[in-house]
Structure formats: structure tokens, C-alpha cells
Amino acid sequence: QVQTVESGGGLVQAGGSLRLSCAATGKILSINEMGWYRQAPGKQRELVATVTRGGVTNYADSVKGRFTISRDNAKNTIFLQMNSLKPEDTAVYYCETDALILDGSTWYGWGQGTQVTVSP
């Protein structure tokens, strides 16, 4: 069993910054990948950024140059530094985790999400 908890969302003005964090807890043997997805009203959930255990990152084109994903493998935690925020970044941001757990099985799941609202 793995649980991920997101934090750091809030309301900011366009051009501002936020830093999201997500900690994966439970009987985790190792993390294969963690990442951030977001979903705005009327839209499908979309990739924002992912990072593997080895540090390989992947970003959506819409956030390249503005967002940075990072990780602390020792704490099974990832972060998303969001700069130059735009109103179109407004969404619920979800943390996803792909992990190996104590019994050797693979666990894949999502957190509850944190709301990011960017005002014009």
C-alpha cells in the first residue's frame, strides 16, 4: 500500500511562483517513477512532468522552461517548481507514483490532488 500526499497549491497572480511537493509513504522498496499530472475543468488529465529514479525528466511542451521537477530519492518525495505561472496553468495537480512495494509487486496510483489557481 502506497499513499501520496500533495501540498503547496494555492492562489497566485499571473507571473507568480508556487512549489508543489508530493511524498510517497508506505512499504516502499523503491520508486521507479513519480510525476505530476493536472486536470482543468472540461479537459482530460494531462502530463505535466515526470522524473525517474535515475533523474531522467520529461515535460509537457506547455511548461518547458517554466516548471522544474526534482526528486529526493531518500525521502520518496518529488517537487514541482512552477515559475511564470499563467492562467491556463489553473488545474488540480495530481501526483502519480510507480513503485515496488514490500511484497515485490508493482503499485501505481494517484494522490488526492492540490488546486492551483492563477488569476489574470
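Residues numbered from 1 in each chain as written. Predicted model: local features only at pLDDT ≥ 70, side-chain atom pairs only at ≥ 80, totals over all residues. Heavy atoms only, no water.

1. Digging into the overall build of the chain
Assigned secondary structure in the chain consists of zero helices and 11 strands. Each helix (α) and strand (β) of the chain, taken in turn from the N terminus, gives the series β-β-β-β-β-β-β-β-β-β-β. The C-alpha radius of gyration of the chain comes to 14 Å, within 12% of the 14 Å expected for a compact globule of 120 residues. Counting over 120 residues, the chain shows a buried share of 41%. Taking the contacts inside the chain whose residues are at least 6 apart along the sequence as the reference set, 54% of them involve residues at least 24 apart. Working note: accessible area of the chain is about 6400 Å², and carbon and sulfur atoms make up 48% of it. Here the chain carries 11 positive and 10 negative side-chain charges, and the mean point of each set is 5 Å from the other. (Helix = DSSP H or I, 4+ residues; strand = E, 2+ residues; numbered from the N terminus. Rg over C-alpha atoms; globule rule 2.2 N^0.38 Å. Buried < 20%, exposed > 50% of the residue type's maximum accessible area, 1.4 Å probe, protein only. Contact = heavy atoms within 4.5 Å. Areas by Shrake-Rupley, 256 points an atom, 1.4 Å probe, with all protein chains shown as cover. Lys, Arg positive; Asp, Glu negative; His and termini not counted. Charge placed at Lys NZ, Arg CZ, Asp CG, Glu CD.)

2. Details of the packing of aromatic side chains
The final tally for this structure, using the stated rule, is two aromatic pairs. On the numbers, 5.9 Å between centres and 90° between planes, the contact of Tyr108 with Trp110 is edge-to-face. Note on Trp110: relative accessible area 32%, which makes it partly exposed. Of the aromatic side chains, those joined through ring pairs into one cluster are Tyr37, Tyr108 and Trp110. If you follow Arg45 out to its NZ or CZ, it ends over the ring of Tyr94, 3.8 Å from the centre. (Phe/Tyr/Trp six-rings, centres within 6.5 Å; stacked < 30°, edge-to-face > 60°. Lys NZ or Arg CZ within 6 Å of the ring centre and 35° of its normal.)

3. So, the state of the cysteines
What the rule picks out here adds up to one disulfide. There is a disulfide in this structure between Cys22 and Cys95, and the S-S distance comes to 2.0 Å. An S-S torsion of about -85° defines the bridge between Cys22 and Cys95 as left-handed. Residue Cys22 is located in strand β3 (residues 18–26), and its partner Cys95 is located in strand β9 (residues 91–101); the two are separated by 73 residues in the primary sequence. For Cys22, a relative accessible area of 0% gives the class buried. (Disulfide = S-S within 2.5 Å.)

4. Some details on the nonpolar core
Ranked by internal contacts, the top residues of the largest apolar core, which has 30 residues, are Trp36, Leu80, Met82 and Tyr93. When residues of this core are traced back to their parent elements, those giving at least two are β3, β4 (28–39), β5 (46–52), β7 (67–72), β8 (77–82), β9 and β11 (114–119). No other element matches β9, which puts five residues into this core. (Core = buried A, V, L, I, M, F, W, Y, C linked by side-chain atoms within 4.5 Å.)

5. Examining the sheet that holds β7
With antiparallel pairing, the four strands of this open sheet are ordered in space as β1-β3-β8-β7. Both outer strands of the open sheet, β1 (2–7) and β7, are each paired with one neighbouring strand and no more. Taken pair by pair, the neighbouring strands of this sheet meet at an average axis angle of 15°, ignoring direction. Of the strand pairs in this sheet, β7 and β8 are connected by six bridges, and their pairing is antiparallel. Looking at β8, one finds that Asp72 is bridged to Thr77. (Pairing = 2+ DSSP bridges. Axes fitted to C-alpha atoms, helices over the stretch in contact; angles between N-to-C directions.)

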